[in-house]
Amino acid sequence: MDRVYNFSPGPSALPLPVLEKVKAALPVYGETGMSVMEMSHRSPMYQAIIDDAEARIRALMHIPDTYSVLFLHGGATMQFASVPLNLGVKGEADYIDSGNFAHGAAGEAAKYLKVNVVASSREDNYVYIPEWEGKLNPEADYLHITTNNTIYGTHYTKLPEGKAPLVADMSSNILGEAYDITKFGVVYAGAQKNIGPAGLCLLIVRKDLLGHAAATCPKVLNWTTQTDNGSMLNTPNTFAIYVAGLCMEWLQGQGGVEGIEKVNREKAALLYDYLDNSALFNATAQKEFRSIMNVTFVTGDKDKDAAFVKFAASRGLVNLKGHRSVGGMRASIYNAMPMEGVKALVETLKAFETENK
Ligand SMILES: *Cc1c(COP(=O)(O)O)cnc(C)c1O
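Residues numbered from 1 in each chain as written. Predicted model: local features only at pLDDT ≥ 70, side-chain atom pairs only at ≥ 80, totals over all residues. Heavy atoms only, no water.

### Concerning the nonpolar core
Point 1. Formed by 55 residues in total, the largest nonpolar core has its most connected members in Ile174, Leu175, Ile195 and Ile204.
Point 2. When residues in this core are grouped by element, the largest group, ten residues, is from helix 6 (residues 238–253).
Point 3. The two domains that each donate at least three residues to this core are domain 1 (17–253) and domain 2 (256–352).
Point 4. Ignoring anything within four residues of it in the chain, the contact list for Ile195 reads Ile174, Leu175, Ala189, Gly190, Leu202, Ala244, Cys247 and Met248. (Core = buried A, V, L, I, M, F, W, Y, C linked by side-chain atoms within 4.5 Å. Buried < 20%, exposed > 50% of the residue type's maximum accessible area, 1.4 Å probe, protein only. Helix = DSSP H or I, 4+ residues; strand = E, 2+ residues; numbered from the N terminus. Domains from an automatic or database assignment. Contact = heavy atoms within 4.5 Å.)

### A look at the packing of helix 7 (residues 256–277) against helix 9 (residues 339–355)
Point 1. Viewed as axis vectors pointing N to C, helix 7 and helix 9 meet at an angle of 5°, and their least axial separation amounts to 9 Å. Considering their axes alone, helix 7 and helix 9 lie roughly parallel with respect to each other. For the pair helix 7 and helix 9, the contacting residues are Glu266, Lys267, Leu270, Leu271, Tyr274 and Leu275 in the first and Met339, Val342, Lys343, Leu345, Val346, Leu349, Lys350 and Glu353 in the second.
Point 2. Broken down by class, the residue content of the contact of helix 7 with helix 9 amounts to nine nonpolar, no polar and five charged. (Axes fitted to C-alpha atoms, helices over the stretch in contact; angles between N-to-C directions. Parallel < 35°, antiparallel > 145°, perpendicular 65-115°, else oblique. Nonpolar A, V, L, I, M, F, W, Y, C, P; charged D, E, K, R; others polar.)

### Topic: the domain arrangement of the protein
Point 1. For the protein, the domain assignment lists domain 1 (17–253) and domain 2 (256–352).
Point 2. Taking only C-alpha atoms, the centre of domain 1 and the centre of domain 2 are 26 Å apart.
Point 3. Counting from both sides, the interface comprises 25 residues of domain 1 and, opposite them, 26 residues of domain 2.
Point 4. Each partner contributes to the roughly 2,100 Å² buried at the junction of domain 1 and domain 2, and carbon and sulfur atoms together form 56% of this total.
Point 5. At the junction of domain 1 with domain 2, the criterion picks out one salt bridge.
Point 6. Here Arg265 ties to Glu177 by a salt bridge, and the two come within 3.9 Å at their closest N and O atoms.
Point 7. Inspection of the domain 1/domain 2 interface yields 14 residue pairs in polar contact (both at pLDDT 80 or more).
Point 8. Where the side of domain 1 that touches domain 2 is concerned, the elements lending two or more residues are strand 7 (154–155) and helix 6. (Buried area = accessible area lost by both parts, 1.4 Å probe. Salt bridge = Lys/Arg side-chain N within 4 Å of Asp/Glu carboxyl O. Polar contact = N/O pair within 3.5 Å; in protein donor to acceptor, adjacent residues only side chain to side chain.)

### Notes on the packing of aromatic side chains
Point 1. One pass over the structure, following the stated rule, counts 13 aromatic pairs.
Point 2. With centroids separated by 6.4 Å and ring planes inclined at 70°, the aromatic side chains of Phe80 and Tyr188 adopt a geometry described as edge-to-face. With a gap of 108 residues between them, Phe80 in helix 3 (residues 75–87) and Tyr188 in strand 9 (residues 186–190) connect regions that are remote in the sequence.
Point 3. Its relative accessible area of 0% is what places Tyr188 among the buried residues.
Point 4. The structure contains a cluster of three or more aromatic residues connected by ring pairs, namely Phe281, Phe297, Phe308, Phe311 and Phe352. (Phe/Tyr/Trp six-rings, centres within 6.5 Å; stacked < 30°, edge-to-face > 60°.)

### Section: the site of the ligand
Point 1. Within the structure, the ligand sits among 13 residues, and Thr77, Thr150, Asp169, Gln192 and Lys193 are positioned closest to it.
Point 2. Residue Asp169 places a side-chain N or O atom 2.6 Å away from a nitrogen atom belonging to the ligand.
Point 3. The separation between an oxygen atom of the ligand and a polar side-chain atom of Lys193 is 2.7 Å.
Point 4. Relative to its unbound accessible area of 390 Å², the ligand is 86% covered by the protein chains.
Point 5. Per-class residue counts for the shell around the ligand are two nonpolar, nine polar and two charged. (Near = heavy atom within 4 Å. Areas by Shrake-Rupley, 256 points an atom, 1.4 Å probe, with all protein chains shown as cover.)

Pasting the structure below:
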């Protein structure tokens, strides 16, 4: 069978050249005589792999030495608890509730400190980013945001600028659009959207925020301990880190984050333009907050939505069903989705619309 265009929100499509490289080196990696999966994480040959992955991420995101870059377990969700455990010195934090993951992060943090939800669009099905201006607590330990809301297809068009360190769950748009890392205290992201295979979390933390973890913080969740141990307090997800490194190499070949962001904007514009002019399909996120990674849309008729998802799958375009909490459709068009895939989707939308006038 040929490869499909996979619009999955995560785990998501990986670049084919990366898969081919992994395949070629699967039984024997370089001159080592073994697979990366079989290497000791303490071996010099593995150290070279993790160092290379980190160096590429630092280069791609322009991360200065004043930040620590960690490869952790537990996906992004584990960090919902790690963040308050590492930063909750005074015991109070601000959260902006812009989607289900943002809501989940706040709920988990509330087990460890006092959470102030300073702005929320929950009542409006999260179709926009709520306004926080004038509501931030300058004394908070940190302010937590979710830069791209995977389920609803919205993203921040400006960043909050408060006194408290900014902590961002960037799972679904990290490396897909450029950010100035120095605006953040902490950035974390589950790997399975724009970084590599699932089961890995990338965490970037400004070093002056280290050293304040709660006494009850488990060792594996402690960013200071993990920094001191080069993400190897225990065995890390060695294979996922290796594949992530290959994805970063591929991304550098695409002109880096700045290069791919340009393509991502073109991909999203093509899709939104079609939706805005369609008599059948409608984009659901408020225009000014539209994500360039996750495009959500509906026909307004559940049966037609289901029929479209089926029709698209028959043409080799899969995983277009929206999240179970919102319905409709969602096209996740992360870095590895080529422009051809988005063009094929627009053609498919057109064909369906013609048949269902
Ligand atoms: C996918 C996603 C998560 C969950 O990531 P896991 O790695 O499954 O824990 C959290 N936040 C956002 C914004 C996501 O898109």
